[in-house]
Amino acid sequence: MDNNNYALITGASSGIGKSCAEALAKDGKNLILIARRMEKLEEIKKQLESEHGVDVLIYQADVRDDGQVDEFFNQIADKPIDIVINNAGLARGKEQFENAKWENFKEMIETNIKGFTKIAHLSISFLKKTKGHIVNISSIAGLQAYEGGSVYCGSKAYVQMISRALRLELKDTNVRVTDIAPGVTETDFWTVRFHGDKAEGNKAYEGFAPLQAKDITDCIIFALTRPEHVNIDTMLVMPTEDRR
Ligand SMILES: NC(=O)c1ccc[n+]([C@@H]2O[C@H](COP(=O)([O-])OP(=O)(O)OC[C@H]3O[C@@H](n4cnc5c(N)ncnc54)[C@H](OP(=O)(O)O)[C@@H]3O)[C@@H](O)[C@H]2O)c1
């Protein structure tokens, strides 16, 4: 990893994105972090800059909003970026398809599909300049459907297919493309899914030890630190005791 360059992480205000920011900063990497909750990003910036002496640039942007994402990329146009972790995403609700709220579907589609695509699309020119690496965060849900997961599962299968196509399209540019597919991971994801109901969210971990954000970060760092001729295409990471 070249520490003169920056790693761009979307959804860096909590969970897997925040954990990646911490691990990369520890290795001396400069960071560009985006999320909607600026106060969380400010705390992370303060901590990582003082602990590791890296440059941490933070931007408030909602990946669903094309204008905000365009404006964000304009602001970082002169920055050398060799890592993009396209991580911002969420699930909303777990109702059967016919009973689910349209607003929940719309939020997942606009975040996990539209926002994800826009970030990937605008990142490629940066990564071609640095022979960089894009890591897309999909999910076990992209490989295995479950009742109440229809649109979320579909959105993560989309992430996986875009990753495969991108790896093929970029093979002659030395840009690497990795799809990381986590199983159940203990982050705010599950509380967000149930609109702030933590007790409902915690049911996702019943009966087994879930993954931690750091476990996913370790896999991402492994993919990022392979020699240039090695492209980890996909990593599916499951909690050991989760037999689904
Ligand atoms: N946790 C799991 O079990 C699990 C399993 C498989 C895959 N994943 C995937 O892993 C990724 C990270 O999730 P996580 O588990 O770390 O959950 P998390 O702790 O809830 O983090 C999600 C991050 O995405 C950001 N985000 C959400 N919507 C956004 C938007 N419209 N614009 C900008 N940022 C947005 C959030 O920031 P703000 O709210 O501040 O904007 C937050 O930083 C997601 O793509 C998720 O689908 C999670």
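Our structure is the block above this text.
Here goes a summary of the coordinates provided.

## Quick look at the pattern of salt bridges
Now for step 1: Within the structure shown, the criterion is met by 13 salt bridges.
Now for step 2: With a closest N to O distance of 3.2 Å, D179 and R164 form a salt bridge. Of this pair, D179 sits in strand 6 (residues 176–182) while R164 sits in helix 5 (residues 150–169), and the two are 15 residues apart along the sequence.
Now for step 3: When its relative accessible area of 26% is taken as the criterion, R164 is described as partly exposed.
Now for step 4: Residue D233 pairs with R164 through a salt bridge whose shortest N-O separation is 3.3 Å. Of the two residues, D233 sits in the loop between helix 8 (213–224) and strand 9 (234–237) while R164 sits in helix 5, which places them 69 residues apart along the sequence.
Now for step 5: Of the residues examined, D233 reaches a relative accessible area of 22% and is grouped as partly exposed.
Now for step 6: Each of the salt bridges in this network shares a partner with another, and the network as a whole consists of D62, R64, R92 and E107.

## As for the pairing of strand 9
Both faces of the sheet carry side chains from a regular strand, because those side chains alternate between them.
Now for step 1: The alternating pattern of strand 9 places M235 and V237 on a buried face and T234 and L236 on a face that is not buried.
Now for step 2: Looking at chain direction, strand 6 and strand 9 are connected through four bridges and run parallel. From the neighbouring strand, I180 faces strand 9, where its bridge partner is M235.

## With respect to helix 1 (residues 15–26)
Now for step 1: Between its first and last C-alpha atoms helix 1 spans 17 Å; for 12 residues at 1.5 Å apiece the expected length is 16 Å, and the two agree.
Now for step 2: If you check which residues of helix 1 are buried, you get I16, G17, S19, C20, A21, L24 and A25.
Now for step 3: The secondary structure elements touched by the buried residues of helix 1 are strand 1 (6–10), strand 2 (30–35), helix 2 (38–52), strand 4 (81–86), strand 6 and helix 8.
Now for step 4: One or two residues past the end of helix 1 sits G28, with phi positive at roughly 90°.

## Things to note about the packing of aromatic side chains
Now for step 1: With the rule as written, the count across this model stands at eight aromatic pairs.
Now for step 2: Plain terms: the ring middles of F73 and F126 are 5.8 Å apart, the flat faces sit at 55° to each other, and that makes the pair tilted. Of this pair, F73 sits in helix 3 (residues 66–75) while F126 sits in helix 4 (residues 102–130); the two residues are 53 residues apart in sequence, bridging distant segments of the chain. The same class applies to F73 as to F126, namely buried.
Now for step 3: Seen in terms of ring centroids, F97 and F105 are 5.1 Å apart; in terms of plane orientation they differ by 25°. Their pairing is stacked.
Now for step 4: Look at F97 and you get exposed, because its relative accessible area is 54%.
Now for step 5: Judged by relative accessible area, which is 8%, F105 ranks as buried.
Now for step 6: Linked through ring pairs, Y59, F72, F73 and F126 together constitute an aromatic cluster.
Now for step 7: Lying across the ring of F126, K129 places its NZ or CZ 5.6 Å from the centre.

About the cut-offs
Residues numbered from 1 in each chain as written. Predicted model: local features only at pLDDT ≥ 70, side-chain atom pairs only at ≥ 80, totals over all residues. Heavy atoms only, no water. Salt bridge = Lys/Arg side-chain N within 4 Å of Asp/Glu carboxyl O. Helix = DSSP H or I, 4+ residues; strand = E, 2+ residues; numbered from the N terminus. Buried < 20%, exposed > 50% of the residue type's maximum accessible area, 1.4 Å probe, protein only. Pairing = 2+ DSSP bridges. Expected span 1.5 Å × (residues − 1). Contact = heavy atoms within 4.5 Å. Phe/Tyr/Trp six-rings, centres within 6.5 Å; stacked < 30°, edge-to-face > 60°. Lys NZ or Arg CZ within 6 Å of the ring centre and 35° of its normal.

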